[in-house]
Amino acid sequence: MTSIPQIRSLVTAIPGPRSLELLKRRNDAVSLSLGMAIPVIVERAGGGVIVDVDGNSIIDMGAGIAVVNVGNSAERVVANIKAQVESFTHSCFTVAPYMGYIEVCEELNRLTPGTHKKKSLLVNSGAEAIENAVKIARNYTGRQAVVVFEHSFHGRTNLTMGMTAKNMPYKEGFGPFAPEIYRMPMAYPYRWPGGTKVCEEEALEFVLHKIEKEIDLKNIAAIVIEPILGEGGFIVPPKGFLPGLSKFAAEHGIVFIADEVQTGFARTGQMFAVEEEGVVPDLIAMAKGIAGGLPLAAVTGRAEIMDAVHGSGLGGTYGGNPISCAAALGTFATIAEDDLCKRAQEMGVIISDALNAMKAKYQVVGEVRGRGAMQAIEFVIPGGIEPNASAMAEVIKFCQVNGVLLLSAGTYNNVVRLLPPLVMPFDLLREALDILDQAVATL
Ligand SMILES: *Cc1c(COP(=O)(O)O)cnc(C)c1O
């Protein structure tokens with residue numbers, strides 16, 4: 001597929017001299033408010049590696065935050081983009097429609113869970129998808145309250161900052177936030193008071209009771225939840241929690257919105273993470289893995305809800321840009337033809353075997369969790385469950401120095417998350433996991 005050799009190879013330190021020199025320009029020209037997971041400048045990327053300007057080939061365990069699930073510059077994505085660029089680059093769908101947008105919506109209506117009539121809307125980013133899902137739910141229900149959860153991340157716009165749980169770095173100094181957002185406890189088995197078993201038995205009832213008493217059912221437009229929390233540290237709610245919320249929403253005329261921005265598009269071993277328990281959301285927000293790296297996002301849901309908003313009530317200049325749509329169609333074809341759901345499951349077995357072996361060996365590993373090619377380690381102070389942020393930082397640093405790019409996560413900055421491209425060769429994945437094991441061993 002990619003012509004880039006699928007190897008881990010370091011020819012300089014990380015960062016190398018060329019990256020260091022160019023990073024000076026970055027710091028001079030680019031707002032310093034932006035983060036940087038690894039201090040190198042990228043030259044090429046494909047399959048499971050990123051090659052920097054010094055010629056270092058780094059194993060990519062982040063996929064640009066679960067975006068290039070199909071790999072960087074995937075063949076079908078590139079071919080579709082090239083053809084589209086030659087035809088036209090923009091007409092604005094709400095000015096003069098084109099087929100790419102329509103075809104992406106048809107595909108999303110088909111690919112998302114549920115056999116009911118569905119319709120879709122395309123926008124530019126995950127935050128914008130969430131904003132639109134909430135707008136639609138409010139307009140459809142005539143209600144205002146939005147239920148969200150602890151540890152959740154929904155974006156960086158004003159509404160989605162308000163919906164996001166963690167203050168630093170996402171919200172600090174950026175208020176005031178939008179009203180009518182109600183945050184409920186998250187069913188976080190590892191940290192639920194009383195432990196995993198109590199969480200399984202009590203979390204759902206506890207949350208439903210709070211929702212009813214603190215907001216009142218008649219006021220609630222939507223319940224919004226990530227099926228597996230992304231930035232929050234790959235928290236997987238206990239079995240029954242998502243189906244219970246979804247059933248509760250249906251019984252009370254509340255729109256159930258799944259934020260599948262990070263979990264979507266084969267990442268967890270299924271096209272969407274809610275499929276694990278047969279949950280059929282009223283609306284699904286999607287972005288990240290949708291278009292092989294091009295900016296695109298979507299809301300798909302029940303036709304009667306999606307059509308409830310008045311004409312021209314939704315839209316945007318760039319939403320569903322034709323090049324992004326072409327890339328999305330190439331992405332969907334790649335996932336189907338290369339059976340990337342199956343591949344994510346196979347990678348999941350390799351990952352969970354390796355991570356659980358680490359848990360057995362090292363007391364700093366508090367919990368291993370996730371699904372498919374979306375798994376994480378939560379680090380703790382040995383002997384308890386106190387978060388261990390320095391362990392996470394040291395592990396990420398060790399891996400970086402040894403040519404493996406890893407991403408952090410977690411409300412307590414103590415989670416390392418693995419999000420490899422789904423086309424990464426298995427031997428490269430095993431090599432990255434070996435380095436990770438060595439990193440934890442040094443703690
Ligand atoms: C990344 C993310 C978002 C925001 O997406 P952007 O494209 O960065 O706006 C929303 N929800 C979840 C679960 C995410 O992971």
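Just so you know, these numbers come straight off a predicted model, no measurement behind them.

Criteria and cut-off values
- Residues numbered from 1 in each chain as written.
- Predicted model: local features only at pLDDT ≥ 70, side-chain atom pairs only at ≥ 80, totals over all residues.
- Heavy atoms only, no water.
- Helix = DSSP H or I, 4+ residues; strand = E, 2+ residues; numbered from the N terminus.
- Rg over C-alpha atoms; globule rule 2.2 N^0.38 Å.
- Buried < 20%, exposed > 50% of the residue type's maximum accessible area, 1.4 Å probe, protein only.
- Areas by Shrake-Rupley, 256 points an atom, 1.4 Å probe, with all protein chains shown as cover.
- Lys, Arg positive; Asp, Glu negative; His and termini not counted.
- Charge placed at Lys NZ, Arg CZ, Asp CG, Glu CD.
- Pairing = 2+ DSSP bridges.
- Axes fitted to C-alpha atoms, helices over the stretch in contact; angles between N-to-C directions.
- Contact = heavy atoms within 4.5 Å.
- Expected span 1.5 Å × (residues − 1).
- Arc of directions from axis to C-beta.
- Polar contact = N/O pair within 3.5 Å; in protein donor to acceptor, adjacent residues only side chain to side chain.
- Domains from an automatic or database assignment.
- Buried area = accessible area lost by both parts, 1.4 Å probe.
- Salt bridge = Lys/Arg side-chain N within 4 Å of Asp/Glu carboxyl O.
- Nonpolar A, V, L, I, M, F, W, Y, C, P; charged D, E, K, R; others polar.

### Concerning the overall build of the protein chain
Within the protein chain one finds 13 helices and 15 strands. For 443 residues, the compact-globule estimate of 2.2 N^0.38 gives 22 Å, and the C-alpha radius of gyration of the protein chain, at 21 Å, lies within 12% of that figure. With respect to the three principal axes, the spread of C-alpha positions in the protein chain is 60 × 60 × 45 Å. Taking all 443 residues of the protein chain together, the buried fraction comes to 55%. When the accessible surface of the protein chain is split by element, carbon and sulfur atoms take 53% of a total near 18,100 Å². For the protein chain, the distance from the average site of its 38 positive side-chain charges to the average site of its 47 negative ones is 2 Å.

### Notes on the sheet that holds strand β4 (residues 118-123)
Here 7 strands make up an open sheet; going across it, the order is β4-β10-β9-β8-β7-β5-β6 and the pairing mixed. Every interior strand has two partners, whereas the edge strands, β4 and β6 (181-184), have only one. Sheet twist, expressed as the average angle between the axes of neighbouring strands with direction ignored, equals 20°. Pairing analysis gives 4 bridges linking strand β9 (residues 283-286) to strand β10 (residues 297-302), with the strands arranged antiparallel. Along β10, the bridge assignment pairs I284 with T300. Contacting β5 (145-149), β7 (220-225) and β8 (255-259), helix α8 (residues 241-251) crosses the sheet at an angle of about 165° to β7.

### Concerning helix α12 (residues 389-401)
With 13 residues, α12 should reach 18 Å at 1.5 Å per residue; the first-to-last C-alpha distance of 19 Å fits that figure. Within the span of α12, buried status applies to A391, M392, V395, I396, C399 and Q400. Buried residues along α12 cover an arc of 165° about the axis, so they all sit on one side. G403 occupies a position one or two residues after α12 and carries a positive phi of about 80°.

### Some remarks on the side chain of N56
Secondary-structure assignment places N56 in the loop between β2 (49-52) and β3 (57-60). Separated by 2.7 Å, the side chain of N56 and the backbone nitrogen of V11 make a polar contact. Within polar-contact distance, the side chain of N56 engages the side chain of T12 at 2.9 Å. Sequence-distant contacts of N56, that is, excluding residues within four places in its chain, are made with S9, L10, V11, T12, A13, I14, I50 and V51.

### A few points about helix α3 (residues 75-87)
Side chains that are three or four residues apart share a direction in an α-helix, a result of its 3.6 residues per turn. In a regular helix each residue adds 1.5 Å, so 13 residues correspond to 18 Å; α3 covers 19 Å between its end C-alpha atoms and thus fits that length. Among the residues of α3, those classed as buried are V77, I81 and Q84. Taken down its axis, α3 places every buried residue within 70° of arc, on the same side. The exposed residues of α3 that point more than 90 degrees off its buried face are E75, K82, E86 and S87. Buried-residue contacts for α3 involve α10 (322-337).

### What to know about the domain arrangement of the protein chain
What the domain assignment lists for the protein chain is domain 1 (17-60 + 339-441) and domain 2 (75-337). Using C-alpha coordinates to define each centre, domain 1 is positioned 25 Å away from domain 2. Each side of the interface is counted separately: domain 1 has 34 residues, and domain 2 has 29 residues. In total, domain 1 and domain 2 occlude about 2,500 Å² of area from one another, counting both sides; carbon and sulfur atoms represent 55% of this. Applying the counting rule to domain 1 against domain 2 returns 3 salt bridges. The interface formed by domain 1 and domain 2 includes 18 residue pairs in polar contact (both at pLDDT 80 or more). The set of elements that each furnish at least two residues to the side of domain 1 that touches domain 2 consists of α11 (340-361), β11 (365-371), β12 (374-379) and β15 (415-418). Looking at the side of domain 1 that touches domain 2 residue by residue, the classes come out as 17 nonpolar, 10 polar and 7 charged.

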